[in-house]
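This is what each chain is made of:
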Amino acid sequence: MNIRSIHRLSRLAALIVLLNLMALAHTYAQRASGVIAINRFGVSYQRAFGVDLGLIAYNTLYGSQERSFYDVSLGFESVFARQFALVPKLNVDVGIRSSLFDAATLGGGVDVGWYTDFSGGDWRITPKAGITLGSVFRLYYGYHHYASESVPLRTSRHRISFELNIAAFHDFKIGF
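Note that residues are indexed from 1 along each chain, following the sequence as it is written. Predicted model: local features are reported for residues with pLDDT of at least 70 only, side-chain atom pairs are reported and counted for 80 or more only, and whole-chain, interface and lining totals are derived from all residues. Values reported for side chains reflect all heavy atoms of the structure, with hydrogen atoms and water molecules removed beforehand.

Further remarks concern a nonpolar patch on the surface. Patch membership is restricted to residues that have no salt bridge and whose relative accessible area is over 30%. Joining uses 9 Å for like charges and 5 Å for the nonpolar side chains Val, Leu, Ile, Met, Phe, Trp and Tyr. To measure how exposed things are, a 1.4 Å probe is used in the Shrake-Rupley method; for residues, cover is taken only from the protein chains shown. Just to be clear on terms, a salt bridge is a Lys or Arg side-chain nitrogen sitting within 4 Å of an Asp or Glu carboxyl oxygen. On the surface, F41, V43, V51, F80, F84, F118, L133, F137, L139, Y141, I160 and F162 cluster together into a nonpolar patch covering about 1100 Å² of accessible area. Secondary structure is summarised from DSSP: a helix means a run of H or I of at least four residues, a strand means a run of E of at least two, and numbering begins at the N terminus for each. The set of elements that each furnish at least two residues to the nonpolar patch consists of β1 (34-45), β7 (137-143) and β9 (158-165). Looking at which element gives the most residues to the nonpolar patch, the answer is β7, with three residues. Note that F137 resides in strand β7.

Here the focus is the pairing of strand β5 (residues 104-116). Summarising the sheet, strand β4 (residues 84-97) and β5 pair through ten bridges and their orientation is antiparallel. Residue pairing across strands places I96 opposite L106, the latter belonging to β5. Between any two strands, at least two bridges found by DSSP are needed for them to pair. Sheet analysis places β5 next to strand β6 (residues 121-133), joined by 13 bridges and oriented antiparallel. Along β6, the bridge assignment pairs G113 with R124. Where β5 folds back on β6, the antiparallel hairpin that results is connected by four residues, among which F118 adopts a positive phi of roughly 70 degrees.

The topology assignment puts D52 in strand β2 (residues 49-62). For the purposes of these results, a polar contact is taken to be a pair of N or O atoms within 3.5 Å, where, inside protein, one atom must be able to donate a hydrogen and its partner to accept one; residues adjacent in sequence count only when each atom of the pair is a side-chain atom. In terms of polar contacts, D52 uses its side chain to reach the side chain of K89, at 3.2 Å.

The next point concerns the environment of A57. Position of A57 relative to the elements: it lies in strand β2. The spatial distance from the C-alpha of A57 to the C-alpha of I36 is 5.2 Å, given a sequence separation of 21 residues. In this description, contact between two residues means that some pair of their heavy atoms is separated by no more than 4.5 Å. Those residues within four positions of A57 in sequence are excluded, and the remaining contacts are G34, V35, I36, N39, V72 and S73.

Ring geometry is summarised as follows: Phe, Tyr and Trp rings, the Trp one being its six-membered ring, pair when their centres sit within 6.5 Å, and such pairs are stacked at plane angles under 30 degrees, edge-to-face over 60 and tilted between the two. Tallied over the entire structure, the rule returns seven aromatic pairs. Ring geometry for Y58 and Y70: centres 6.3 Å apart, planes at 40 degrees, overall tilted. Separated by twelve residues along the polypeptide, Y58 in strand β2 and Y70 in strand β3 (residues 68-80) bring together distant segments of the chain. Here the term buried applies to any residue with accessible area under 20% of the maximum for its type, exposed to any over 50%, and partly exposed to those in between, with areas from a 1.4 Å probe on protein chains only. For Y70, a relative accessible area of 34% gives the class partly exposed. Members of the aromatic cluster, connected to one another through ring pairs, are F80, F84 and F118.

In structure tokens, the structure reads:
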């Protein structure tokens, strides 16, 4: 068994585990801690447009009137650059209540993922910061750090992303 088949087998095993977690996960309202399937949908711009989908997350609200939050999620980002790229990733997001106005929180976090255009790949870490409105809408600026110094063609180190936190809709009994 060569290294490529081991790598393919490990990706398949990770996918099977993720699908099982999604099937077994029961969804709670966001004001309670819990595992939530299909938790995020976003669009991004990094000199190329991208689509971000969160597949499964552990999410909770806390603090004064439960306006602060944190979540840890697994998902992927598709980047439509010169060559289509896929980034399976782990996201950590945190929001802290802001005094700007009642529904706003200061948000941020980090994404860690494997950027691949299917001809090669590289690890990518993206610290991000921004603002969220009621934890439903999140607007972030992120800066990509790659393991190698090269930046993929037709992309940039800078990313602006707008995310819809689907997990927040569980409070309104609209979620999955």
